[in-house]
Structure formats: structure tokens, C-alpha cells
Amino acid sequence: MSYSHLLLALSVVFVWGTNFVVIRWGLDGLPPFLFATLRFAFSALPWLLFIRRPAVPWHKLAAFGMLLGVGQFALLFLAMRADISPGLASLVIQVQVFFTIGLSLLTLGERVRGYQLAGLMLAVAGLAVIASHLDATLTVKGLALVLAAAFFWACANMVVKTVGRVDMLGFMVWTSLFAVPPLFALSWWLEGPQAMASGVMHASVGVWACVLWQAIGNTLFGYGVWNWLLARHPAATITPMALLVPVFGMGASALSLGEPLPLWKLAAGALVLCGLVVIVVWPRLRAALLRTNA
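The structure displayed is predicted, hence computed values, not measured ones.

A. The arrangement of helix H2 (residues 32-44) in detail. With 13 residues, H2 extends 19 Å between its outermost C-alpha atoms, agreeing within 8% with the 18 Å of an ideal straight helix rising 1.5 Å per residue. Burial within H2 is extensive, with 11 of its 13 residues counted as buried. Of all the residues in H2, the buried ones are Pro32, Phe33, Leu34, Phe35, Ala36, Thr37, Leu38, Arg39, Phe40, Ser43 and Ala44. Turning to H2, the residues buried within the fold contact helix H1 (3-27), helix H3 (58-82), helix H8 (168-191), helix H9 (193-202) and helix H10 (205-230).

Quick look at the structure:
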């Protein structure tokens, strides 16, 4: 991966990491399914009036939109309402890395090299530390919901791998359209029309800013660039970069929301970061050593 692509990936994980605080602020004013509905509605409109549909079959656009919108974010927002803190959510969701690489092995025949496996094992150790500290900030329900959200994110990644090099901004705009109807239906059914109307009418300027940031910063920029990178590199190269998300997420949550950072959280984050360093740095270090010895 070139340095320019590495910087793009880092910019995305910074946006995604700090975004967990934004999600928490938004959930203070909107119920989770309505929040997700508005996020994807503003990701699609008015942009699809000006951006052409990419050369992707309709069923793949629909599959990605529903996997990301309903599978990932509806479950993540539901968990973050009361069952998991933003910092912990930013870490647990990174199980998607392992799901993505596993699905790539099964469906695309991609290879996982030894150094990648070593890095992933370090990250797994960090996630295991998190799982061993269930308390008021992380319930069994919250952990299960975020793990399910991670799996659906990995499934969405697999759809991206099959569409090739297309206009990823257009891809995100048009796939967002397919997330809106099922999310709206879930909000209507589970949250009720009265709660939906009250949420929209009483939402503050700050809450609407959270919705717009979700739509433009997190969805169109974040997933647009991420999917563009996934289409150009093996999943085992790109997806581990997302392991930096909890570093930004836990830091932003501590600074903005006062979420405590006990030693076990720091240790878990360090293990995850070390795993990422192994995966990203080792190929460059090995190539440099080979050039030196040549």
C-alpha cells in the first residue's frame, strides 16, 4: 500500500473513531432506528439527483445498503443507546476485521500471511481483555449487538470486493437509498410514529448536526474512501487499518464524554495497536532489509 493510500486510510479511521462520540450525542435526541433512518436518508438525498448511478447491478446496491444500514448501524445504534459505551463500542466493532478476512478466505481465495496472522492474534488478545470486563458500561446484550453489527459490516465489505473499481461516492449515495425503507419500517414498528414525530420536531441544532455528520463525513467520505481502497487492495491489507478506530474512539470518548480509561482498557488498546503495527509495518521493514542485504 502506497503512503498516499495509507494516509487516506488513516483519515477514514480518524473520522470513524471520533464518530462514536457523535453517535452518542445524536442518540441523546433521537431514537436509534430513526437516527439511522435520517442518517442514510441524508446520505442519499439530494445527492442522487446529481450523481449518476455507478455501473453496479441493482441487487448489489440493495445488498450493500441493507447490510450496512440495517445490519451494521441499526444494531450499533441500538447497542449504544444504553448497553455499551462509545469507547468500548469503537473497539468491539473491530471484530469486523477478522470476519472480513475469514470471509475473504472462504469466498475469494485470498491468502493470509504469517505476519498478518500474528498481528491479528495480538488484536484478538486485546479484544479478549475487553470481553473479560463486562460491567455497567458493557452488557451481554450490548456486546452481542455490536458483534452482530461487526459481522454485517464484514458482509458489506464482501459485496464491495465483488463490484470492482467503480465510482465509490456514487456507490455510497445509491446504496444509502436502499437502507432507508427498512430502517423507517423498523422505527415505525418498534419506536412508533409518535416517538418518530416527537424526535424530529424536538431535535436540537446539535442533533441535526450529528445527523449531517453521520451522512456526509462518516458515510459518504468515510465509506466512500474505504470502499475505494478495498477495491484496490486485499482485504487483509486494508481492513486491519480499522483497528486504529478504537484508539481514536476511546481517546475522543474520554476527552468529550469523560469515559474512564482504566489500565485494562489501555492494555487492550495497546494490544490492538501492536497488532496493527505488525500488519502494516512488517512488509515495509522486510522489503527494506532485503534491499539492504541485496
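B. Looking closely at a nonpolar patch on the surface. Taken together, the side chains of Val247, Leu273, Val277, Val281, Trp282, Leu285 and Leu289 define a hydrophobic patch exposed on the protein surface, amounting to about 540 Å² of accessible area. At six residues, helix H13 (residues 263-293) tops the list of elements feeding residues into the nonpolar patch. Note on Leu273: relative accessible area 34%, which makes it partly exposed.

C. Main features of the side chain of Ser90. Tracing the chain through its elements places Ser90 in helix H4 (residues 86-92). Accessibility expressed as a relative area gives 0% for Ser90, which makes it buried. At 2.6 Å, the side chain of Ser90 forms a polar contact with the backbone oxygen of Gly87.

D. Up close: the packing of H2 against H3. Following both chains from N to C, one finds H2 and H3 inclined at 140 degrees, their axes separated by 8 Å at the closest point. The angle between H2 and H3 places the two elements in the oblique class. The chirality of how H2 crosses H3 is right-handed. On H3, the residues that touch Pro32, Phe33, Phe35, Ala36, Arg39 and Phe40 of H2 are Leu68, Gly69, Phe73, Ala74, Phe77, Leu78 and Arg81. For the contact of H2 with H3, a count of residues per class yields 10 nonpolar, one polar and two charged.

E. Layout of the environment of Leu147. Tracing the backbone through its elements, the reader meets Leu147 in helix H7 (residues 140-163). Overall, the relative accessible area of 30% leaves Leu147 in the partly exposed class. Along the sequence, Leu147 and Gln94 sit 53 residues apart, while their C-alpha atoms lie 8.7 Å from each other. When sequence neighbours within four positions are dropped, the list of residues in contact with Leu147 reads Val92, Val95 and Phe99.

Conventions and cut-offs
Residues numbered from 1 in each chain as written. Predicted model: local features only at pLDDT ≥ 70, side-chain atom pairs only at ≥ 80, totals over all residues. Heavy atoms only, no water. Helix = DSSP H or I, 4+ residues; strand = E, 2+ residues; numbered from the N terminus. Expected span 1.5 Å × (residues − 1). Buried < 20%, exposed > 50% of the residue type's maximum accessible area, 1.4 Å probe, protein only. Contact = heavy atoms within 4.5 Å. Patch = residues over 30% accessible without salt bridge, like charges linked within 9 Å, V, L, I, M, F, W, Y side chains within 5 Å. Areas by Shrake-Rupley, 256 points an atom, 1.4 Å probe, with all protein chains shown as cover. Salt bridge = Lys/Arg side-chain N within 4 Å of Asp/Glu carboxyl O. Polar contact = N/O pair within 3.5 Å; in protein donor to acceptor, adjacent residues only side chain to side chain. Axes fitted to C-alpha atoms, helices over the stretch in contact; angles between N-to-C directions. Parallel < 35°, antiparallel > 145°, perpendicular 65-115°, else oblique. Left-handed = near helix turned anticlockwise from the far one by under 90°. Nonpolar A, V, L, I, M, F, W, Y, C, P; charged D, E, K, R; others polar.

That is the geometry; function is a separate question.
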